[in-house]
Amino acid sequence: NITLFKENIDKEKLNKALNFSESLKFINNLPNGLNTIIGDRGSQLSGGQKQRLILARAYLRKPTIMILDEATNSLDKDTQEKVIDNLRAISKKITIILITHEKIIEKKEDNIITFN
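Computed from a prediction, not measured in an experiment: that's the story for all the values here.

A. Layout of the pairing of strand 1 (residues 65-69). By the alternation rule, side chains of strand 1 split into Met66 and Leu68, which are all buried, and Ile65, Ile67 and Asp69, of which none is buried. As paired strands, strand 1 and strand 2 (residues 95-99) are joined by 5 bridges and run parallel to one another. Directly across from Asp69, in strand 2, lies its bridge partner Ile99. Handedness of the β-α-β unit built from strand 1, helix 4 (residues 77-90) and strand 2 comes out right-handed.

Below, the structure written as structure tokens:
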């Protein structure tokens, strides 16, 4: 699910993607770790776990731009803050457009456009 059938994904890159998306801990707790069958459309996972796997998949693709629509809405506050911090860290290298209704702590270096 994370690599989408790509063979020979470097384990270091995969671990970076899992850390970036805050997925590593919950994956390590799955019965077969990375090899766990998660069911049709991830039916064995929570909404937040699915969102984190999608973020890991996107990170692995090394995009020049990420458009994320409600990418953190199913995450608990602590995980949400960590993911947002990880997005900020890579925003120096890629453009990130994050669409959200969540009130995210704004930092002065963020470029934020707000619509009411």
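B. A look at helix 4. With 14 residues, helix 4 ought to run about 20 Å at 1.5 Å a step, and its terminal C-alpha atoms sit 20 Å apart, in line with that. Buried within helix 4 we find Thr79, Gln80, Val83, Ile84, Leu87, Arg88 and Ile90. Buried residues in helix 4 make contact with helix 1 (11-20), helix 3 (47-60), strand 1 and strand 2. By the N-cap criterion, in which a side-chain oxygen at the helix start approaches the backbone nitrogen of a residue two or three places on, helix 4 is capped by Asp76, the distance to Asp78 being 3.1 Å.

C. Examining the nonpolar core more closely. Core analysis: the biggest nonpolar cluster contains 12 residues, these being Ile2, Leu14, Ala17, Leu18, Phe26, Ile27, Leu30, Ile38, Leu45, Leu53, Ala56 and Leu60. Counting residues per element, the ones that place at least two in this core are helix 1, helix 2 (24-28) and helix 3.

D. Quick peek at a nonpolar patch on the surface. A contiguous nonpolar surface patch, about 350 Å² in accessible area, is contributed by Ile65, Ile67, Ile97 and Ile99. Where the nonpolar patch is concerned, the elements lending two or more residues are strand 1 and strand 2. With respect to the helices and strands, the residue Ile67 is situated in strand 1.

E. Inspection of the pattern of salt bridges at higher detail. For the structure shown, the criterion picks out 1 salt bridge. Close ionic contact of Asp85 with Arg88 constitutes a salt bridge, the shortest N to O distance being 3.4 Å. Residue Asp85 and its partner Arg88 are located together in helix 4, separated by 3 residues, close to a single helical turn. When its relative accessible area of 37% is taken as the criterion, Asp85 is described as partly exposed.

F. View of a positive patch on the surface. A cluster of like positive charges, contributed by Lys13, Lys16, Lys62 and Lys93, occupies part of the molecular surface. Judged by relative accessible area, Lys93 falls into the exposed class, the value being 76%.

G. How the structure looks around the side chain of Gln51. Here Gln51 lies in helix 3. With residues near it in sequence (within four places) discarded, Gln51 still touches Glu70, Ala71, Thr72, Asn73, Ser74 and Leu75.

Conventions used here
The residue numbers shown here count from 1 along each chain, following its written sequence. Reporting of local features is limited, given that this is a predicted model, to residues whose pLDDT is at least 70; pairs of side-chain atoms are given and counted only at 80 or more, and all residues count toward the totals for whole chains, interfaces and linings. Remark: hydrogens and water are excluded; side-chain values derive from all non-hydrogen atoms of the structure. Using a 1.4 Å probe on the protein chains alone, a residue whose accessible area is under 20% of its type maximum counts as buried, one over 50% counts as exposed, and one in between counts as partly exposed. Secondary structure is summarised from DSSP: a helix means a run of H or I of at least four residues, a strand means a run of E of at least two, and numbering begins at the N terminus for each. Here, strands pair whenever DSSP counts at least two bridges between them. Looking down the strands as they point away from you, a crossover is right-handed if its path from the first strand over the helix to the second goes clockwise. Take the number of residues in a helix, subtract one, and multiply by 1.5 Å to get its expected span. By definition in these notes, contact holds between two residues if any of their heavy atoms fall within 4.5 Å. Between N or O atoms, a polar contact is any pair within 3.5 Å; within protein, one atom must be a potential hydrogen donor and the other a potential acceptor, and residues adjacent in sequence are included only when both atoms are from side chains. We call a set of buried residues a nonpolar core when its members are Ala, Val, Leu, Ile, Met, Phe, Trp, Tyr or Cys and they connect through side-chain atoms within 4.5 Å of each other. Exposure above 30% relative accessible area and the absence of a salt bridge qualify a residue for a patch, where like charges join within 9 Å and nonpolar side chains (Val, Leu, Ile, Met, Phe, Trp, Tyr) within 5 Å. Working definition of accessibility: Shrake-Rupley area with a 1.4 Å probe, residue cover restricted to the visible protein chains. When a carboxyl oxygen of Asp or Glu is within 4 Å of a side-chain nitrogen of Lys or Arg, the pair counts as a salt bridge. Charge assignment: positive for Lys and Arg, negative for Asp and Glu; neither His nor the chain ends contribute. To locate a charge, the coordinates of NZ of Lys, CZ of Arg, CG of Asp or CD of Glu are taken.

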